[in-house]
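# Working through the structure, step by step
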Amino acid sequence: MICIVLGGLGFLSVQLLDIVSLKRIPGLKPLTMLVGNGLLVFSIIMLCLSPDKLALPLWSGWLGWALFIGRAAAGGGIGLGIFLLIVIVSRGGMGWGDVKLAALIGLVFGFPLVFVALLIGVVLGGVVAALLLLLRIKKRKEAIPFGPFLALAAIVTLLWGSNILSWYRGLF
């Protein structure tokens, strides 16, 4: 019986994760992920010990988790794909560290917030690069690290990403 309750709690905590990501309650998202994942892993262990008792609640919990994982995988693929294309087309104009960071940001924020994070990073990097060029601090062929702008964009997305996405969707 305890396995059924834990599987159900795992499923509910995954659903709470979605609510937290929409409401942006600071600090609860990682805790919810940890608790939900822990309950689901414990349920899997119990399933291995006693598979006939909790198949339905366990799989319902994993289904909710899989939906979250699917969004994360899609976001990671989008971040990786966009920046990999930029590296290939620009022939070294952007480093591989930026590709890896964009993929990680996509995995963390998932679809569709990956677009918010990457767009904010591109805009921030572009504005700062334009200022550095206009003020002649950097020359056109000098490298300007892009990773710090992606990192700052990730922080902005963590704090206000859902609000930015809702605002943008409201424009159309």
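Scroll up a little and you will see the structure.
Below is a short write-up of the structure. (Residues numbered from 1 in each chain as written. Predicted model: local features only at pLDDT ≥ 70, side-chain atom pairs only at ≥ 80, totals over all residues. Heavy atoms only, no water.)

## Thoughts on the environment of Ile69
Along the chain, the position of Ile69 falls in helix H3 (residues 55-90). The class of Ile69 is partly exposed, set by a relative accessible area of 42%. For the pair Ile69 and Gly110, spaced 41 residues apart in the sequence, the C-alpha separation amounts to 8.3 Å. (Helix = DSSP H or I, 4+ residues; strand = E, 2+ residues; numbered from the N terminus. Buried < 20%, exposed > 50% of the residue type's maximum accessible area, 1.4 Å probe, protein only.)

## Describing a nonpolar patch on the surface
There is a patch of nonpolar side chains on the surface, built from Leu119, Val123, Val127, Leu131, Leu134, Leu135 and Ile137 and spanning about 730 Å² of accessible area. Inspection of the secondary structure assignment puts Leu134 in helix H5 (residues 113-134). (Patch = residues over 30% accessible without salt bridge, like charges linked within 9 Å, V, L, I, M, F, W, Y side chains within 5 Å. Areas by Shrake-Rupley, 256 points an atom, 1.4 Å probe, with all protein chains shown as cover. Salt bridge = Lys/Arg side-chain N within 4 Å of Asp/Glu carboxyl O.)

## Observations concerning the nonpolar core
With 20 residues, the main nonpolar core has Phe83, Ile105, Phe109, Leu118, Phe146 and Leu150 as its most contacted residues. For this core, the secondary structure elements donating two or more residues are H3, helix H4 (96-109), H5 and helix H6 (147-170). Setting aside chain neighbours within four positions, we find Phe146 in contact with Phe83, Met94, Asp98, Gly121, Val122 and Gly125. (Core = buried A, V, L, I, M, F, W, Y, C linked by side-chain atoms within 4.5 Å. Contact = heavy atoms within 4.5 Å.)

## Concerning the packing of aromatic side chains
Working definition: an aromatic ring pair is given by the centre-to-centre distance plus the angle between the planes. If you walk through the whole model with that rule in mind, you get four aromatic pairs. Centre to centre, the rings of Phe83 and Phe146 are 5.9 Å apart; their planes meet at 25°, and the pair counts as stacked. Taken as a pair, Phe83 in helix H3 and Phe146 in the loop between H5 and H6 lie far apart in primary sequence, 63 residues in all. Each member of the pair Phe83 and Phe146 is classed as buried. Look at Phe111 and Phe115: their rings are 5.9 Å apart centre to centre, the planes differ by 80°, and that puts the pair in the edge-to-face class. Judged by relative accessible area, which is 41%, Phe115 ranks as partly exposed. An aromatic cluster is present here, built from Phe83, Phe146 and Phe149 joined pairwise through their rings. (Phe/Tyr/Trp six-rings, centres within 6.5 Å; stacked < 30°, edge-to-face > 60°.)

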